[in-house]
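# Results of the structural survey
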Amino acid sequence: MLSLLLVEMKIIKEEPKIKEKTRGILEGLGNRRANLIPILQQIQGVFGYLPQQAMLEVARFLNIPEIDVYSVATFYNQFRLTPPGKHSIRVCMGTACHVKGGHITLAAWQRRLKIGPGETSPDREFDLDTVACVGCCAMAPVSVVDKKVEGKADPTRVDGILLSYQLQKEKEEKEKN
Amino acid sequence: MKFEEIRKLAQSRWQEIWNDQMPVILVGTATCGRAAGALEVLQAIKDTVKKQSLSCLIYEVGCMGHCYAEPLVILRKPGYPSICYGHVNPVLVENLINNFLLNDDPCLEFVLGAIEENDFIPSFSDFPRSKYEKRILLKNCGQINPEEIEHYIANGGYESLAKTLRMKPEEIVSEVKGSKLRGLGGAGFPAGEKWDLCRHSEGKPKYLICNGDEGDPGAFMDRAILESDPHSVIEGMVIAGYAIGARHGYIYVRAEYPLAVQRVQNAIHQAEEYKFLEENILGSNFSFDIKLFQGSGAFVCGEATALIASIEGKPGIPRHRPPRVAVQGLFGKPTILNNAKTLAYVPHIIKNGADWFLQMGTERSKGTAVFALAGKVVNTGLVEVPMGTTLRQLIFDVGGGLSKGKRFKAVQIGGPSGGCLPESALDIPIDFDSLQESGAMMGSGGMVVLDEDDCMVEVARYFLDFTQKESCGKCTLCRLGTKQMLDILEDITKGRGKMEDLETLQELAEDIKQGSLCGLGRTAPNPVLTTLRYFREEYEVHIKEARCPALMCQTLIAYYIIPEKCARGCDACVGTCTVEAISTDKKRRIKVIDQEKCVKCNTCLAACPPQYDAVIKLSPPDKVPPSKNTSIPSPLMGEGEGGGEK
Amino acid sequence: MGVRNSVSSPSPYSPPTKGGERIFVQKMKDISLTIDGKQIKATEGEKILWAALENSIYIPNLCAIREKMQPSASCRLCFVEVEGENEPVIACTQPVKEGMVVHTRGRNALRLARTAAELLIASHPVDCGHCLKNRSCELQKIAKHLGIKLKTKRFRKLERNLPIDESSSLFIYDPNKCVLCGKCVWVCQEKLGIGAIGFTRRGFKRMVSTFEDQPIAKSRCNQCAECVKACPVGALVFKNKNFISQIESE
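Residues numbered from 1 in each chain as written. Chains lettered and ligands numbered in written order. Predicted model: local features only at pLDDT ≥ 70, side-chain atom pairs only at ≥ 80, totals over all residues. Heavy atoms only, no water.

## Some remarks on the side chain of B:Ser232
Residue and element names in this part refer to chain B. Inspection of the secondary structure assignment puts Ser232 in helix α10 (residues 230-244). The buried category is assigned to Ser232, whose relative accessible area is 5%. Engagement of the side chain of Ser232 in a polar contact is seen with the backbone oxygen of Asp229, the distance being 2.7 Å. Contacts of Ser232, omitting those with residues within four sequence positions, involve Tyr152, Ile225, Leu343, Ala344 and Pro347. (Helix = DSSP H or I, 4+ residues; strand = E, 2+ residues; numbered from the N terminus. Buried < 20%, exposed > 50% of the residue type's maximum accessible area, 1.4 Å probe, protein only. Polar contact = N/O pair within 3.5 Å; in protein donor to acceptor, adjacent residues only side chain to side chain. Contact = heavy atoms within 4.5 Å.)

## What about the nonpolar core?
Counting residues in each nonpolar core, the largest one holds 152 residues, and the members touching the most others are B:Tyr539, C:Leu33 and C:Ile48. No other element matches the ten residues that helix α2 (residues 107-122) of chain C contributes to this core. The next biggest cluster of nonpolar side chains, apart from the first, holds 133 residues, and it includes B:Ala246, B:Ile268, B:Val346 and B:Ile395. (Core = buried A, V, L, I, M, F, W, Y, C linked by side-chain atoms within 4.5 Å.)

## Things to note about the interface of chain A and chain B
If you look at the interface, chain A gives 40 residues, while chain B gives 57 residues. Summing both sides of the interface, chain A and chain B together bury roughly 3600 Å²; the carbon and sulfur share of this comes to 62%. Connecting chain A to chain B are zero salt bridges. For the pair chain A and chain B, the number of links is 15 residue pairs in polar contact (both at pLDDT 80 or more). Residue assignment for the side of chain A that touches chain B shows that the elements contributing at least two residues are α3 (36-47), α5 (66-75), α6 (95-99), α7 (102-113), β5 (148-150) and α8 (155-176) of chain A. Here the side of chain A that touches chain B is composed, by residue class, of 22 nonpolar, eleven polar and seven charged. (Buried area = accessible area lost by both parts, 1.4 Å probe. Salt bridge = Lys/Arg side-chain N within 4 Å of Asp/Glu carboxyl O. Nonpolar A, V, L, I, M, F, W, Y, C, P; charged D, E, K, R; others polar.)

## Thoughts on the interface of chain B and chain C
It is common to give the size of an interface as the accessible area lost on bringing the parts into contact. Each side of the interface is counted separately: chain B has 35 residues, and chain C has 29 residues. Here chain B packs against chain C, burying approximately 2800 Å² in sum over the two surfaces, 53% of which is carbon and sulfur. Summed over the three residues of chain B that lose the most area to chain C, namely B:Leu480, B:Gln484 and B:Gln514, the buried surface amounts to 21% of that side. Across the chain B-chain C interface, the total number found is five salt bridges. The closest approach of N and O atoms between B:Glu507 and C:Arg154, which form a salt bridge, is 2.9 Å. For the pair chain B and chain C, the number of links is 18 residue pairs in polar contact (both at pLDDT 80 or more). Of all the secondary-structure elements, those providing two or more residues to the side of chain B that touches chain C are α17 (456-470), α18 (476-493) and α19 (499-515) of chain B. Top element by residues in the side of chain B that touches chain C is α18(B). It accounts for ten residues. Broken down by class, the residue content of the side of chain B that touches chain C amounts to eleven nonpolar, 13 polar and eleven charged.

## Let's talk about the packing of aromatic side chains
Per the stated rule, a full pass over the model turns up 22 aromatic pairs over all chains. Centre to centre, the rings of B:Phe286 and B:Phe288 are 5.9 Å apart; their planes meet at 15°, and the pair counts as stacked. For the pair B:Phe286 and B:Phe288, one class covers both residues: buried. Grouping aromatic residues by their ring pairs yields a cluster made of B:Phe3, B:Tyr152, B:Tyr158, B:Tyr274 and B:Phe276. A cation over an aromatic ring shows up here: B:Arg254 above the ring of B:Tyr257, its NZ or CZ 5.0 Å from the ring centre. Positioned above the aromatic ring of C:Phe204 is the side chain of B:Lys483, whose terminal nitrogen or guanidinium carbon lies 5.4 Å from the ring centre. (Phe/Tyr/Trp six-rings, centres within 6.5 Å; stacked < 30°, edge-to-face > 60°. Lys NZ or Arg CZ within 6 Å of the ring centre and 35° of its normal.)

## Here we look at the sheet that holds strand β4 (residues 83-85) of chain B
All names here are of chain B. If you trace the five strands from one edge of the open sheet to the other, you get β2-β1-β3-β4-β5, paired in mixed fashion. Across the chains shown, the open sheet's two edge strands, defined by having one partner strand only, are β2 (57-61) and β5 (111-114). Strand after strand, the sheet turns through a mean of 20° between neighbouring axes, direction not considered. The pairing of strand β1 (residues 24-28) with β2 spans five bridges and is classified as parallel. Its bridge partner lying in β2, Val24 is registered against Leu57. The strands that helix α1 (residues 3-18) touches are β1, β2 and β3 (73-76); relative to β2, the one it contacts most, it runs at about 115°. Lying on the sheet, helix α4 (residues 90-102) is in contact with β1, β3 and β4; it crosses β3 at an angle near 15°. (Pairing = 2+ DSSP bridges. Axes fitted to C-alpha atoms, helices over the stretch in contact; angles between N-to-C directions.)

The following block contains the structure:
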């Protein structure tokens, strides 16, 4: 609970920096309405999500009501309005993956990470979501872990992947001390 | 430089690779290959070559079509045919290089097939599937490096563009119209007619958009072409732009395809360098540029007006038509929107002529179709067959039949807008119209084969779930109707369905199909309508008996370990159970599943050694015999930790 | 027909129409057509819906806005049958033609309209007894006209459980009652150029909201309450009942 509060406060403190950084990204970009989606994609590329301050800056830049920016941000799957976790897990729910047990894989991730699709773990290590189809149907069921496509990702493999992350984290902590 | 000079230079460079002066190694690094570990194989190749100080050429290629055998590597040793190896891993590839390239043993046990026909190794043309396949769109995939424009040019690329610029735009439109090319994005509208309408519509500038959104889950044809041969699409776009008089082009690629985005962007830059794009293309009066637009994740953006709305910076919400997009499209100007495959066909039609195209296919659907074969079939991957090939030939001869010796149940064609066809439909020739008559749809080419272990009600529910999440929400019938249908299907798959639900489902499906605003809504009920039409008994069993005959609907099944088959000493299931729901029965020393804890993840069934095969699924769950369970904590849970289950 | 131009009020944001062009529409031909057996006159190119409504023939509709250049065609209620057409057509998008014969109560058209209306009712928290829009609600009128009950039998009752916004001193916004007709959004964005509200999200979750779903009082809203006047159902209602009768008598 306390860690969540600290994270919230960190976000609030960062607001003026977000404004500045956004202005930097917008400099040199055309302020046509048609650029809205590429602009939001760039902003999410930098921040990992679409901060409120950034969206307001974009609205000002394009001279459109901020609700229009929010409409686009909430319409598309790609955009997220909350900060991501350190590692992203995307479970493919395409047809081929589904018949090879995609929903079982998703349930396995949910069980281990204790979060549902669209959520981030309380320690901000992982965020989980589904993706419609990655296009690797021959390797079903597929999970994309930090942009790496993991084929044949059944529950046993899920445990294997999480174990390797845990070992990696422990190694990093040892090296710090 | 004039085109002839460019071509000669590219061809001579291509000859230098293949003149058998030194070995050549090709690695398939499209997304499928990467998922299977192709990048690690590539690294191993580079390391081995360095270690052995071997002089050879290595380059990455795209999808070869045999996705079931990824990672794929082709080795070409001077004096031998090019040999393709499948299921390659870093250790194997090192051995292959040492044994074959440095010595003379081609390691036949790992060979998938030779590329060229020869006397001692079976080539791909000996495979049963090559009797049916005709790779036109996929010709270059797996042969050339998609990041080298010169490879494309050496193999005939951009020749059609040079030819086009010597012809009049009306002649190009006429040729495409004459070929009867129909859009390969799903609707199958005659491309030439659309172009003609756009050509004659007023408004400047005109736009040409390539639809690479490919939102169908289970479809990866457009991705493969964009990753493996992006220039074929670019060339098609320039020709189309010339024909309709467009000044600007867009390639719309979904952001979920990062490799395709990168390859297309790279291809656009190279085409600009070679003056195939931008001002005064190849010295002519025609100027045309292409911008890449990344879709931000919405299946509905595959719909033309929604796609256009997203390029305009708005939510991807379709609008009513008329006015037609060819008359009033992007920014209100005449616009042509074609699927990537349709555009990739254009250079071939210009090169070989409309008559060549008319020779292939059926009466009403000419040319070939590209399918992404997936699901329970042996040879999953990309195949290209002439229109008119039957489903049976495609699934059994090209696809190699059902995997694991299972029985064929249905084939799902056309993604969430398509339908499921049963065994009785297997002799239907693949063709836009015949598929539509049967209740399915060609769609953009996704084809998923289903076997006896797939529940058709669950498949319908799955597709409705997808369409429901992807509906834009504008029109009442789709937004609310698909939700109602989904809720009914969820109830049926959970054993809460009623017989009158089937009537409601049918009526609702028909009304949504007829009354929705856009193509998404009008085709969303297709999976429901086809499964109700061909698999009604399955629905009824779910409702009347709360039983799932395919043993797939999780609420209606239970996992059970057969006591007689369970090997006492084995702990395979206990160790792998993801929720520690399996314990050992004290008296009988067999393993027992705690039904309260079981999450039906299937891991125990997969883990149980094949000689025992003790784990089975039962439906309905009350079929599980009551156990006189006197369990003790399994050794893995540690001594003295108390009762094994709670 | 005269001159049509779109109004742009002074604001930092230009209304997102086609730049407020002045469209000179030439005097169009008067034609005659038949609707439900009644012969009426209309201007060529006019949509069937307006031709009917102007002649006191009611066709159920929720999302139709006359001044809008492109009809939304989202409510799917205004289905009618036109002789010579295989399937029912949407009245707000179909232009009239000389000699056209229209039936607003054709069986197929009614079936589609009823399904759309029943779906809306099944997602609407029906509570007419306590609703401030009782007896002036368009859903009630539509249900009565189509001969369907306000209690859904065929479909499951769907609840969205969205929070009700009472932050304004003048009106209440209950998104659960919203039928997504888009009239409030059009008024705020296009007619008045204010842009405090808009459509957000997608699919079943689609809803009218403010930037970051802030309470309406915290947004750019200037409390002009034009959206409330435009709302056909009880999603946007004035808090004060006297206020309502005051507005209605204007």
